[in-house]
Protein chains: 2
Amino acid sequence: MPATIKDIAKAAKVSRSTVSRVLNDSGYVKEETRTRVLAVIEELNYSPSAIARSLSNKRSNTIGVIVPDINNPFFAEMIKGVTRVADEEGYRLLLVDTDEDNEKEQLALQALQEQRIEGLLIVSTPAKGKRSLEHLRWMRAHHIPVVLLDGHIKYDEFDGVFIDHYQGAHDATIALIKAGHKRVGILTGKLSSRPAMERLRGFQDAMAECGVVSYDEDILFGDYGHEKAYHLTKEMLLREKRPSALFVSSNQMVLGMMRAMSELGMKIPQDLAFIGFDQLETLNLIGMNCSTVDAHTVEVGELSMKRLIRRLENEKLETAHTVLRPDLSLRGSEANLK
Amino acid sequence: MPATIKDIAKAAKVSRSTVSRVLNDSGYVKEETRTRVLAVIEELNYSPSAIARSLSNKRSNTIGVIVPDINNPFFAEMIKGVTRVADEEGYRLLLVDTDEDNEKEQLALQALQEQRIEGLLIVSTPAKGKRSLEHLRWMRAHHIPVVLLDGHIKYDEFDGVFIDHYQGAHDATIALIKAGHKRVGILTGKLSSRPAMERLRGFQDAMAECGVVSYDEDILFGDYGHEKAYHLTKEMLLREKRPSALFVSSNQMVLGMMRAMSELGMKIPQDLAFIGFDQLETLNLIGMNCSTVDAHTVEVGELSMKRLIRRLENEKLETAHTVLRPDLSLRGSEANLK
DNA sequence: CGGCGTTGTGGGACCGGTTCCATAATTATA
DNA sequence: TATAATTATGGAACCGGTCCCACAACGCCG
């Protein structure tokens, strides 16, 4: 078994208190004893037990992070951002991947509670039955601050860092219209999710503002997945009258759209122009020049961790919602080449 | 502050021991008392402190996982596999992303040690100065089993689950030759890493076995990144005599290669055929039909976690190295259409 | 009906740290 | 040089659980 503080004390012929003082350099310790203790620590390769310390301190130094899918670059990037700040500030992360499964989310919440996390960052999956909400409320009631990162729900009662999906969709739509498209459509995400809904609204408002006629059949109701997007796009492309450009609500859906086009031998942007949401790094790297709405996901992670830390330091803060405005990256796929 | 076992004991008018027995259903507890205790637990929303339990138990129930980059699907998938098994078996994961930084790896190792992890899964970054190796040895000496997942190093002294890069490259090369290519090249990863080296060997041996002449200038020394791959490929494509097919050592490098081709207006596989390593899900989804060597990364994660658990149960096991043979997924990009 | 095994419960030590308090040793001050 | 202030160290309680052991209550058997 690993060496304990007692072993060190004995070997250095001091008390545990003294060793503890050396470890945290608190209180008075004679230089001579300090070096002696440090020597013993070195020699025995002693590393203090974070567990025991946490118990005594009542501070776990741990932040819980819940995401729907680590595999998705969208979330992986947020995690990167969170990690960076956590590292700097000396917090440990307990990361949970819920696989978009509400039940797993419940279990995770329970587990994190047992781990005595000091704060929680969560990108929530759709809250069936609102059990999550209860849990989050319980957390806050027990002085565990919660920060929401984007995600499917938005409870005003919690701090949150959000992406302005409305604005992103709005900007993209305007860009398409400005590029000269007279008929523009949208491929939406699952409308039960808040972001998808907001993007749709942004799209519609932009259309209205520009006085462009919006056809009901040009609103393709997808589900964030590539499969559905593929079918919807294909069907749409076979109509005689159809939009010349599309705003596409997620990177996965862009892929589905492209497959449909590739099967029909159609080219971007000649046969169908588009602007997507999220990065499409892979495609741009191979020179496909996909225009996108860049959501600044890493920044979402950083800001939310920072926010959490601030609240940890001062529980009385007003709840705050930071909303990040996405930037448009136009790379060519939005062009109107008719 | 959260309720403690003492609070429960008092409220239920029993001793802490009894509450503990209910919690772990161990020992004797009268049915009547049990329900009473459970009721109190429910009412006070009590959740036992994993920290205190760990201290007492001397069991953290935690496994450390170190990867170079969560953002890379290659590692993210391994994590998925690890997570699945860990969940089933009731282990918590402490995940560390080292950003390919050796120093961070050192710090992480130290931190995990303080957390009293019971075992370690590591995809190691190149071990400059071998400090990592020391650390890993120290772990094992202190009864913390270590399992290596693929990665840049391979120390026979530790358990490990590896991908057979040699075989993968070998199979891919044979496939290219069988497809009718007379001149085949390779885009290697950083040769200081074991996998890159093995892939190169697999390639060379396959060439020799088939009696295909291998030109030195057809071995393009890359570094896993897309940028270098782009330049190397472009240069190569401008030569009058050049290979008609390439084995490409990583997904990132395939992207660089494609950019080069796209800029030169060249087509796959007419102007240059290829087989890549790792998945290229994104590209295949849009109908690009990229042939690849599928490395079964999720399985690597699962198997290594399982291995770790077995060793946790029995420290005396012989060290074992599982080597997974990759499968070839031919989708068309390897064809010889001349 | 006394002794014995089973069932049920409480007391207290322990896990490995931190921290408060008392006391000892040293130095400064009057 | 006696006394106060400062520096240095140890003792012991505590954090919130687990678990061993002692003991009480109960039923059963001879």
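Cut-offs used in this document
- Residues numbered from 1 in each chain as written.
- Chains lettered and ligands numbered in written order.
- Predicted model: local features only at pLDDT ≥ 70, side-chain atom pairs only at ≥ 80, totals over all residues.
- Heavy atoms only, no water.
- Helix = DSSP H or I, 4+ residues; strand = E, 2+ residues; numbered from the N terminus.
- Rg over C-alpha atoms; globule rule 2.2 N^0.38 Å.
- Buried < 20%, exposed > 50% of the residue type's maximum accessible area, 1.4 Å probe, protein only.
- Contact = heavy atoms within 4.5 Å.
- Areas by Shrake-Rupley, 256 points an atom, 1.4 Å probe, with all protein chains shown as cover.
- Lys, Arg positive; Asp, Glu negative; His and termini not counted.
- Charge placed at Lys NZ, Arg CZ, Asp CG, Glu CD.
- Phe/Tyr/Trp six-rings, centres within 6.5 Å; stacked < 30°, edge-to-face > 60°.
- Lys NZ or Arg CZ within 6 Å of the ring centre and 35° of its normal.
- Domains from an automatic or database assignment.
- Buried area = accessible area lost by both parts, 1.4 Å probe.
- Near = heavy atom within 4 Å.
- Polar contact = N/O pair within 3.5 Å; in protein donor to acceptor, adjacent residues only side chain to side chain.
- Nonpolar A, V, L, I, M, F, W, Y, C, P; charged D, E, K, R; others polar.
- Expected span 1.5 Å × (residues − 1).
- Arc of directions from axis to C-beta.
- Axes fitted to C-alpha atoms, helices over the stretch in contact; angles between N-to-C directions.
- Parallel < 35°, antiparallel > 145°, perpendicular 65-115°, else oblique.
- Left-handed = near helix turned anticlockwise from the far one by under 90°.
- Salt bridge = Lys/Arg side-chain N within 4 Å of Asp/Glu carboxyl O.

**Student:** So what's going on with the overall build of chain A? Which residues, and what values?
**Tutor:** Along the backbone of chain A there are 13 helices and twelve strands. Here the C-alpha radius of gyration of chain A, 26 Å, is well above what a compact globule of 338 residues would show, namely 20 Å. Among the 338 residues that make up chain A, the fraction classed as buried is 55%. Sequence-distant contacts in chain A: of pairs separated by 6 or more residues, those separated by 24 or more amount to 74%. When the accessible surface of chain A is totalled, it reaches about 15200 Å², and 49% of it is carbon and sulfur. Of note, chain A has its 44 positive side-chain charges centred 4 Å away from the centre of its 48 negative side-chain charges.

**Student:** Tell me about the packing of aromatic side chains, and name the residues and values.
**Tutor:** All names here are of chain A. The final tally for this structure, using the stated rule, is four aromatic pairs over all chains. Their ring planes at 75° and their centres at 6.4 Å tell us that Phe247 and Phe277 sit as a pair that is edge-to-face. You can see Phe247 sitting in strand 8 (residues 245-248) and its partner Phe277 sitting in strand 9 (residues 273-277), a full 30 residues away along the chain. No difference in accessibility class separates Phe247 from Phe277, as the two residues are buried. Of note, Arg199 hangs over the ring of Phe277, and the distance from its end group to the ring centre comes to 3.8 Å.

**Student:** Tell me about the domain arrangement of chain A, and name the residues and values.
**Tutor:** Residue and element names in this part refer to chain A. Along its sequence, chain A is carved into domain 1 (5-48), domain 2 (61-164 + 297-325) and domain 3 (165-295). Using only C-alpha atoms to locate each centre, domain 2 and domain 3 end up separated by 30 Å. In this assembly, 13 residues from domain 2 lie in contact with twelve residues from domain 3. At the boundary of domain 2 with domain 3, total buried surface from both sides reaches about 1200 Å², with 43% on carbon and sulfur atoms.

**Student:** Can you tell me about unusual backbone geometry, naming the residues and giving the values?
**Tutor:** Residue and element names in this part refer to chain A. Along the chain, Ile268 connects to Pro269 via a cis peptide bond; the corresponding omega equals 0°. By secondary structure assignment, the location of Pro269 is in the loop between helix 11 (251-263) and strand 9. A positive phi angle, close to 50°, is found at Asn45, a residue other than glycine. As for its placement among the helices and strands, Asn45 is situated in the loop between helix 3 (31-44) and helix 4 (50-57). Even without being a glycine, Tyr224 presents a positive backbone phi close to 80°. Within the secondary structure, Tyr224 is located in the loop between strand 7 (219-221) and helix 10 (226-237).

**Student:** Report on the protein's contact with DNA strand C, specifying residues and quantitative values.
**Tutor:** Neighbouring residues of DNA strand C: 29 residues in total, closest Ile5(A), Ser20(A), Ser56(A), Ser15(B) and Tyr28(B). Near the protein, meaning within 4 Å, the atoms of DNA strand C are sugar or phosphate in a fraction of 59%, with bases accounting for the rest. Take Ala52(A): an N or O atom from its main chain is 3.5 Å from a base nitrogen of DNA strand C. Among the elements that line the surface near DNA strand C, the one with the most residues is helix 4 of chain A, at five residues. Split into classes, the residues belonging to the surface near DNA strand C amount to nine nonpolar, twelve polar and eight charged.

**Student:** Just give me the short version of helix 3 (residues 31-43) of chain B, but keep the residues and values in it.
**Tutor:** All names here are of chain B. Its 13 residues place the ends of helix 3 18 Å apart at the C-alpha level, agreeing with the 18 Å of an ideal helix rising 1.5 Å per residue. Burial in helix 3 covers these residues: Thr33, Arg34, Val37, Val40 and Ile41. When helix 3 is viewed along its axis, its buried side chains cluster within an angular range of 130° and face the same direction. For helix 3, the exposed residues set more than 90 degrees away from the buried face come down to Glu31, Glu32, Glu42 and Glu43. Close packing links the buried residues of helix 3 with helix 1 (5-12) and helix 2 (16-23). One or two positions beyond helix 3, positive phi appears at Asn45, with a value near 50°.

**Student:** Report on the packing of helix 8 (residues 165-178) of chain B against helix 9 (residues 194-210) of chain B, specifying residues and quantitative values.
**Tutor:** All names here are of chain B. Running from N to C, helix 8 and helix 9 cross one another at 40°; their axes reach a closest spacing of 7 Å. On the basis of their axis angle, the class for helix 8 and helix 9 is oblique. When you trace helix 8 past helix 9, the crossing you get is right-handed. Side by side, helix 8 and helix 9 meet where His165, Tyr166, Ala169, His170, Thr173, Ile174 and Ile177 of the first sit next to Pro195, Glu198, Arg199, Arg201, Gly202, Phe203, Asp205, Ala206, Met207, Glu209 and Cys210 of the second. Each residue belonging to the contact of helix 8 with helix 9 can be placed in one class, and the counts come to nine nonpolar, four polar and five charged.

**Student:** Residues and numbers for the pattern of salt bridges, please.
**Tutor:** Residues and elements named next belong to chain A. Summed over all chains, the structure comprises 38 salt bridges over all chains. Here Asp218 ties to Arg183 by a salt bridge, and the two come within 2.7 Å at their closest N and O atoms. Residue Asp218 is found in the loop between helix 9 (194-210) and strand 7, and its partner Arg183 is found in the loop between helix 8 (165-178) and strand 6 (184-188); the two are separated by 35 residues along the sequence. The same class applies to Asp218 as to Arg183, namely buried.

**Student:** Give me the environment of His170(B): which residues, what numbers.
**Tutor:** Residue and element names in this part refer to chain B. Residue placement: His170 occurs in helix 8. In the structure, His170 is positioned 94 residues away from Ala76 in sequence and 26 Å away in space, judged by C-alpha atoms. For His170, the residues in contact, after removing those within four places along its chain, are Gly202, Phe203, Asp205, Ala206 and Glu209.

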